[in-house]
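The lines below spell out each chain.
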Amino acid sequence: MPVICLYFQLHQPERLRHYDFIQIGNQHDYFDDESNAFFLRQVVQNSYSPALDLFIKLKKKYKGKFKLAFSATGTVLNQLERWEPAVLKKFKQLTDLGGVEWLNETETHGLSSIYHRTEFESQIKAHEARIVRLFGCKPTVFRNTELLFSNDLVNDLARWGYTRILVPSTEKLLGQKSPNHVYKSPLHNRMLCLPKNSTLTAEITRWFTEASHPNYPLTTTKFLDLMKAEAGAETINLFMDLERIGEHQDSKSGIFDFFEHFPEAAIKAGLEFLTPSEVFDTLTPVGKYDVPSPVTWSFPTYDLSYINGSDIQQEAITRLYDLAEWVYAKGDAQLLEDWRKLQSTDHFFYMTPRFEEKGEKNIFSPFPSAYDAYNNYMNIMVDMELRAKR
Amino acid sequence: MKQSLQAFSGKKVLMLGWEFPPIQSGGLGVACYGLARALREIIPLRFVVPRTVDASVLEGVELVGLNHMAKSKRITAPELSRLEGALPELEYYQLSAVACDSVRRGYLSQPGLDSISFAELFEDPEVYGPKLLQKVSAFAEAVVEEFGDQVDFDLIHAHDWLTYLAGVRLKKKTGKPLVVHVHALETDRAGRDVRNTMYYVERLGLQMADKVIAVSEYTRQMVHEHYGIRDDKIVAIHNGIDPQPVFRQEHHVPEKIVAFIGRLTHQKGPFYLLETAEKVIREFPNVRFVIAGTGDKMKEMIDWTAFKGLSRNFLFTGFINRQKVEQLLAVADVYFMPSVSEPFGLTALEAAQFGIPCVISKQSGVAELLEHAIKADYFDTDTFAREILRLLRDDEYRHQVASRIGHQLEEMKWDDAALRVVRVYRDFLI
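Residues numbered from 1 in each chain as written. Chains lettered and ligands numbered in written order. Predicted model: local features only at pLDDT ≥ 70, side-chain atom pairs only at ≥ 80, totals over all residues.

(A) Highlighting the overall build of chain B. If you tally the helices and strands in chain B, you get 19 helices and 15 strands. Out of the 430 residues belonging to chain B, those deemed buried represent 49%. Counting contacts in chain B only where the partners sit at least 6 residues apart, residues at least 24 apart contribute 71% of the total. (Helix = DSSP H or I, 4+ residues; strand = E, 2+ residues; numbered from the N terminus. Buried ≥ 20, exposed ≤ 12 C-beta atoms within 10 Å, placed from the backbone. Contact = placed C-beta atoms within 7 Å.)

Below is the structure:
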């Protein structure tokens, strides 16, 4: 019987206000706090808060038999501290019940792992300290932005104390190999990788509300059958955004009911819940996880093409990370904070021309088009450059 | 003036326009306002546009927004099918099926919609927008409906192709003389060999007109060459420019600023702009080209700057309103207008008002007026780059050129333009 490894991620973007050329050099308030607060409250109300209540209830009911893991970007933690501190209290309460693991990740939901390794290191260390401060436990497992991973990261991560990483799985990557095991990196003996089971996770995160899907409506019984059908599985790794519960799939969809009954059904069927650390402790690697170029968990391409796949995205990213040395040297805390907030991949995702190429609108973007997003960001970049290099 | 007033006593002009401040998107609204304001001293005007709002006011001019037509006046099923079938006047030219089809799309062909009130149709806040052809044909329909039976005007003066259909129909219905005023041509916008609906609407208007006013000699020549209109039926009358309060501001970016203001379309020469910019940047990296406006070439232009790694030398503002145009002119060092074909080119004059020298293409109306502007053929990016570099490097030279151009502006008055327009009217009214 496989074990179940349940992990939820939290992130919210720092949306930018409309910032035009007239403001350059005059105004440095780039972030649309009003809409950021609005959307945070909405996701807390629809998802985070009721999901946490449910998890606390389940923890109290099943105690050590129900386990789960979280990670949250610095960005969303900042927003929660500022506008919804009660959610952090709930997280603390849940964590204190035991069997809840916090993973480390980047502060900014950015791409520093690719574009600025020093920045990457300092974010990992800062985030580790923050998790200790907030929840009283030191993370030992790492997940990168969008689960981004490549061989190139292995040695640095190991040097910084992280040899246990959550990674994406794609058919292309694993081939005939199953994601339901621990793997190790070909570049580093001790580097262990735990791949997400994309197919089974998608049953919950993508197809749950899709009436045309063969498994619709998904019941806990059906889901257990699907898990049991995974031949030779040692662990079923269900990694997802927390907001899939209640925000992208609202309470009417039955998603809360599903999670309410899932632990009991799993426990009855003899399946055990383990946190990522426990999975790494328990299982031995069955093969190599070899990733020459970066992969992510982003549907549908499982790479960075929606984030840095066009000239304008690369230009914006280059301009941003080129500022690093100046931002560090300046020693201006506000400048550093703004620069970090501008690293979030959301800003670059809004610039992808791929939706418009298909005649679609990027529904996550607050901008009318990819190029509007780019122009706005680049106006801000000019102001940042003025501040940093002055 | 007095003489004119007496000569025209009891006469009235019905003007048809598409933009009138504050509802405007480009130079057309500015020009119509300037002309109407100067003309009102001489002859009574009724100015009809698709849409007015509370702020659309010009004292002494009867401004009519068709969005205020009685709600009861509707385009009903039979009228609708007439509009959709084809524009009768255009059948004459045996428009291609494609062109006719493009006229049929839009509001009027929405399934389940069997009638719509004119008022509702013209409430659309987009001055142009995707349903433009429908609005143009409905405008013609509404104008004839509203003014076809009235006898209190003596001459029809229609501004740009948008109102030509209305002008032509009204002339047919009432027998009043028609003057069409060319602010821009489809051959400017889409290239000389264009043969689309807009071109044929223009051609119809120009042929049916009793007199054609072109905003420049350049445009007069274009009307003659590309629309088969006799030279002696066309008169060139340059627009005026109103003095306006101008100001200078210190800009916060350390670079010198070269400004471009206009739609990012083929007509404005966007890729000659980029080619010039690249040559300038190579010699003088401390420069930023601020590109204000939007259009179908914007994406390609931005991609180009990103691909070349030159984003630091550019800023794309998207569409900007009047206030921001002024703020841009107040900080810019050079104005650049490499239009492939520009009937007039008001922004170059506005730049000059703000004390900025303009570098413009010879293929523009303002090139005739601005003796001291720096001019080159739109494709001559070597000359453009050399001249812009000289202006950027030599502050004194830049101020000299700007002030020489500035002096000339004082001669360009709307009152003079209005008198020349009145001379055109006189042939029909006296």
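After that view of the structure, there is still more to cover.
(B) Spatial organisation of the interface of chain A and chain B. Facing 18 residues of chain A, the contacting portion of chain B comprises 17 residues. Listed by contribution, the elements that provide at least two residues to the side of chain A that touches chain B are helix 13 (311-321) and helix 18 (370-389) of chain A. Looking at the side of chain A that touches chain B element by element, the count peaks at eight residues for helix 18 of chain A. For the side of chain A that touches chain B, the class distribution of residues is nine nonpolar, four polar and five charged. (Nonpolar A, V, L, I, M, F, W, Y, C, P; charged D, E, K, R; others polar.)

(C) Molecular detail of the domain arrangement of chain A. Residues and elements named next belong to chain A. When its domains are assigned, chain A resolves into domain 1 (3-282) and domain 2 (305-389). Centre-to-centre, using C-alpha coordinates, domain 1 lies 24 Å away from domain 2. Grouping the constituent residues of the side of domain 1 that touches domain 2 by class yields nine nonpolar, 10 polar and six charged. (Domains from an automatic or database assignment.)

(D) Representation of the sheet that holds strand 3 (residues 61-65) of chain B. Residue and element names in this part refer to chain B. If you walk across this open sheet you meet the seven strands as 3-2-1-6-7-8-9, and the pairing is parallel. Bordering the open sheet on either side are strand 3 and strand 9 (234-236), each of which pairs with just one other strand. The mean inter-strand angle of the sheet, taken between neighbouring strand axes irrespective of direction, is 20 degrees. Note that strand 1 (residues 13-16) and strand 2 (residues 45-49) share four bridges and pair parallel. By the bridge assignment, M15 is partnered in strand 2 with F47. (Pairing = 2+ DSSP bridges. Axes fitted to C-alpha atoms, helices over the stretch in contact; angles between N-to-C directions.)

(E) Expanded view of unusual backbone geometry. Residue and element names in this part refer to chain A. The step from Y216 to P217 runs through a cis peptide bond, and the omega angle for that step is -10 degrees. Looking at where P217 falls in the secondary structure, it is placed in the loop between helix 8 (198-205) and helix 9 (220-228). In this structure, the amide linkage connecting F299 to the following residue, P300, adopts the cis form with an omega of 0 degrees. Within the secondary structure layout, P300 lies in the loop between helix 11 (276-282) and helix 12 (305-308). Despite not being glycine, K63 shows a phi value in the positive range, around 50 degrees. Relative to the helices and strands, K63 is located in the loop between helix 1 (33-62) and strand 2 (68-72). Assessed through the 12 C-beta atoms surrounding it within 10 Å, K63 is described here as exposed. In the Ramachandran plot, Y302 falls in the positive-phi region, its phi being about 55 degrees despite a non-glycine side chain. The residue Y302 is located in the loop between helix 11 and helix 12 in this model. For Y302, a count of 20 C-beta atoms within 10 Å corresponds to the buried category.

(F) Here's a closer look at helix 18 of chain A. Helix length check: helix 18 of chain A (20 residues) gives 28 Å between terminal C-alpha atoms against 28 Å at 1.5 Å per residue, within 8%. In terms of burial, helix 18 of chain A is a largely internal element, 15 of the 20 residues being buried. (Expected span 1.5 Å × (residues − 1).)

(G) View of the confidence of the model for chain B. All names here are of chain B. The share of residues in chain B with pLDDT of 70 or more is 89%, and the mean pLDDT across the chain is 88. Scored below 50 in pLDDT, residues 80-89 makes 19 contacts in the model with residues more than four places away or belonging to other chains. A low-confidence stretch, residues 91-109 stays under pLDDT 50, and its non-local contacts, those more than four residues away or across chains, total 30 contacts. The complex prediction reports pTM at 0.86, with the ipTM value standing at 0.86. (pLDDT = per-residue confidence, 0-100.)

(H) Region of interest: the pairing of strand 8 (residues 211-214) of chain B. Residue and element names in this part refer to chain B. As paired strands, strand 7 (residues 178-182) and strand 8 are joined by four bridges and run parallel to one another. If you follow V179 over to strand 8, its bridge partner there is K211. Alignment of strand 8 against strand 9, held across three bridges, turns out to be parallel. Counterpart to I213 in the pairing with strand 9 is V235. Since strand 8 and strand 9 lie parallel, the crossover through helix 11 (residues 217-227) that links them has a hand, and here it is right-handed. (Right-handed = clockwise from strand over helix to strand, strands pointing away.)

(I) Examining the packing of helix 9 of chain A against helix 10 (residues 255-268) of chain A more closely. Residue and element names in this part refer to chain A. As a packed pair, helix 9 and helix 10 sit with axes 9 Å apart at the nearest point and diverge in direction by 50 degrees. Our classification of the angle between helix 9 and helix 10 gives oblique. The chirality of how helix 9 crosses helix 10 is right-handed. Each of T220, T221 and L224 in helix 9 lies in contact with helix 10, whose residues at this interface are F258, H261, F262, A265 and A266. Looking at the contact of helix 9 with helix 10 residue by residue, the classes come out as five nonpolar, three polar and no charged. (Parallel < 35°, antiparallel > 145°, perpendicular 65-115°, else oblique. Left-handed = near helix turned anticlockwise from the far one by under 90°.)

(J) Up close: the nonpolar core. With 169 residues, the main nonpolar core has A259(B), A348(B) and C358(B) as its most contacted residues. Per-element accounting of this core gives the leading share, 11 residues, to helix 18 of chain A. Contacts of A259(B), omitting those with residues within four sequence positions, involve V290(B), A292(B), L328(B), L329(B), A332(B) and Y335(B). In terms of nonpolar packing, the next biggest core, distinct from the first, is built from 70 residues, F8(A), W102(A), Y162(A) and V291(A) among them. (Core = buried A, V, L, I, M, F, W, Y, C linked by C-beta atoms within 7 Å.)

(K) Region of interest: the environment of V421(B). Residues and elements named next belong to chain B. Residue position: V421 is located in helix 19 (residues 414-429). Classification of V421 as buried rests on a count of 23 C-beta atoms within 10 Å. When the C-alpha positions of V421 and L35 are compared, they lie 9.0 Å apart, and in sequence the two are 386 residues distant. If we ignore the near neighbours within four places in the chain, the residues touching V421 are L35, L39, I213 and I237.

(L) Representation of the domain arrangement of chain B. Residue and element names in this part refer to chain B. For chain B, the assigned domains are domain 1 (2-240 + 415-429) and domain 2 (256-409). If you look at the interface, domain 1 gives 16 residues, while domain 2 gives 13 residues. Elements with a contribution of two residues or more to the side of domain 1 that touches domain 2: helix 2 (27-39), helix 9 (186-190) and helix 11. A total of three residues in the side of domain 1 that touches domain 2 trace back to one element, the largest contributor, which is helix 11. Of the residues belonging to the side of domain 1 that touches domain 2, the class tally is six nonpolar, seven polar and three charged.

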